[in-house]
Amino acid sequence: MTDDDLLRYSRHILLDDIGIEGQDRLLSGHALVIGAGGLGSPVALYLGSAGVGRITLVDPDTVDLTNLQRQIAHSQDRIGQPKVASAATAIQALNPGARVDALVQRADAALLDQWVPQADVVLDCSDNFATRQLVNAACVRHQRPLVSGAAIGFDGQVSVYDCRQPEAPCYACLFPPDAAVEEVRCATMGVFAPLVGIIGATQAAEALKLLAGVGTSLAGRLQMLDARRMRWDEIRIPRQPGCPVCGAVH
């Protein structure tokens, strides 16, 4: 680390759990972020400001006026730009040393098989069930930890699915791929603006802990937030032996 790095990351370095070694791990880490919207915005900004050395953003969409109520990586003057390019601009405004790959693409199986093995941690900030299942399957195939979040209305959830741990479930253990799911979108249901910040910041915290080797992750635990009452509930999630995704691997 340079003298500027030591100053920039000094508040991390002062933490006994992180220190110089943990910050070095962040600087050499690679995070793959699927989605650069409501959840992806705080994720990208916190990963970038905290010093994650390489961040790959994947999103096919462009910035729209309706996004600006909650998608804090974007701004009025970047309406019409690809979200990943806008988020990359925001990250580098905070931390010019961050390396950002901005992929204006949908996260299909081929893209995930190319990028998931390159990443140290994957963050699912997408907004649909099909993408979440594809991301989970790729993380299981390539044995990468997945930090997954979701938010709609006043309700949010977050967990870590780390198939490297023998007892930890994958996303499909809790949400089977063949389950009948009613898709709900912000465009039709609405979303409380700070909710995506709370869930996205929690995702960023879990990813930073995994990269730095700090603390205990949310693997095996699903946290759910009711923002109307600002109440968190947690349920334990066991691995399902018959899971069609991780059961076939282990």
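Look up: the structure comes first, before these words.
Residues numbered from 1 in each chain as written. Predicted model: local features only at pLDDT ≥ 70, side-chain atom pairs only at ≥ 80, totals over all residues. Heavy atoms only, no water.

Engineer: Quick rundown of the packing of helix H4 (residues 40-50) against helix H5 (residues 83-94)? Include the residues and the values.
Structural biologist: H5 packs onto H4 with a crossing angle of 30° between their chain directions and a minimal axis gap of 9 Å. On the basis of the axis angle, H4 is roughly parallel to H5. In this structure, the crossing between H4 and H5 has a hand that is right-handed. For the pair H4 and H5, contact is made by Ala44, Leu45, Gly48 and Ser49 and by Ala90, Ile91 and Leu94, respectively. In the contact of H4 with H5, the residues fall into five nonpolar, two polar and no charged. (Axes fitted to C-alpha atoms, helices over the stretch in contact; angles between N-to-C directions. Helix = DSSP H or I, 4+ residues; strand = E, 2+ residues; numbered from the N terminus. Parallel < 35°, antiparallel > 145°, perpendicular 65-115°, else oblique. Left-handed = near helix turned anticlockwise from the far one by under 90°. Contact = heavy atoms within 4.5 Å. Nonpolar A, V, L, I, M, F, W, Y, C, P; charged D, E, K, R; others polar.)

Engineer: Would you mind going over the pattern of salt bridges in detail, with residue names and values included?
Structural biologist: Enumeration according to the criterion identifies eight salt bridges in this entry. Residues Arg164 and Asp162 are paired through a salt bridge, measuring 2.8 Å at the closest nitrogen-oxygen approach. On the basis of relative accessibility, which here comes to 47%, the residue Arg164 falls in the partly exposed class. In this structure, Asp226 and Arg229 form a salt bridge, with 3.0 Å as the shortest nitrogen-oxygen distance. (Salt bridge = Lys/Arg side-chain N within 4 Å of Asp/Glu carboxyl O. Buried < 20%, exposed > 50% of the residue type's maximum accessible area, 1.4 Å probe, protein only.)

Engineer: Break down H5 for me, with residues and values.
Structural biologist: Over its 12 residues, H5 extends 17 Å from the first C-alpha to the last, a length consistent with the 16 Å expected when each residue adds 1.5 Å. On the buried face of H5, the contacting elements are H4, strand E2 (54-58) and strand E3 (99-103). (Expected span 1.5 Å × (residues − 1).)

Engineer: Can you lay out the nonpolar core for me, pointing to particular residues and giving the numbers?
Structural biologist: Judged by nonpolar contacts, the single largest core of 44 residues is most densely connected at Val33, Leu47, Leu57 and Leu123. At the level of elements, strand E1 (30-34), H4, E2, H5, strand E4 (121-124), strand E5 (146-152), strand E6 (155-161) and helix H10 (193-212) are the ones that each hand at least two residues to this core. Broken down by element, the residue count for this core peaks at eight residues, all from H10. Counting residues in hydrophobic clusters, the runner-up holds 20 residues, among them Leu32, Ile34, Ala119 and Leu146. (Core = buried A, V, L, I, M, F, W, Y, C linked by side-chain atoms within 4.5 Å.)

Engineer: For the packing of aromatic side chains, give the residues involved together with the corresponding values.
Structural biologist: Tallying each qualifying case throughout the model produces four aromatic pairs. Plain terms: the ring middles of Phe129 and Tyr171 are 6.4 Å apart, the flat faces sit at 50° to each other, and that makes the pair tilted. Taken together, the positions of Phe129 in helix H7 (residues 129-142) and Tyr171 in helix H8 (residues 171-174) put the pair 42 residues apart, joining distant regions of the chain. Each of the two residues, Phe129 as well as Tyr171, counts as buried. Note on Tyr171 and Phe175: the rings are 4.9 Å apart at their centroids and 35° apart in plane angle, and the pair reads as tilted. The exposure class of Tyr171 is buried, given its relative accessible area of 4%. By relative accessible area, Phe175 is classed as partly exposed at 24%. (Phe/Tyr/Trp six-rings, centres within 6.5 Å; stacked < 30°, edge-to-face > 60°.)

Bear in mind that shape data such as this cannot, by itself, settle questions of function.
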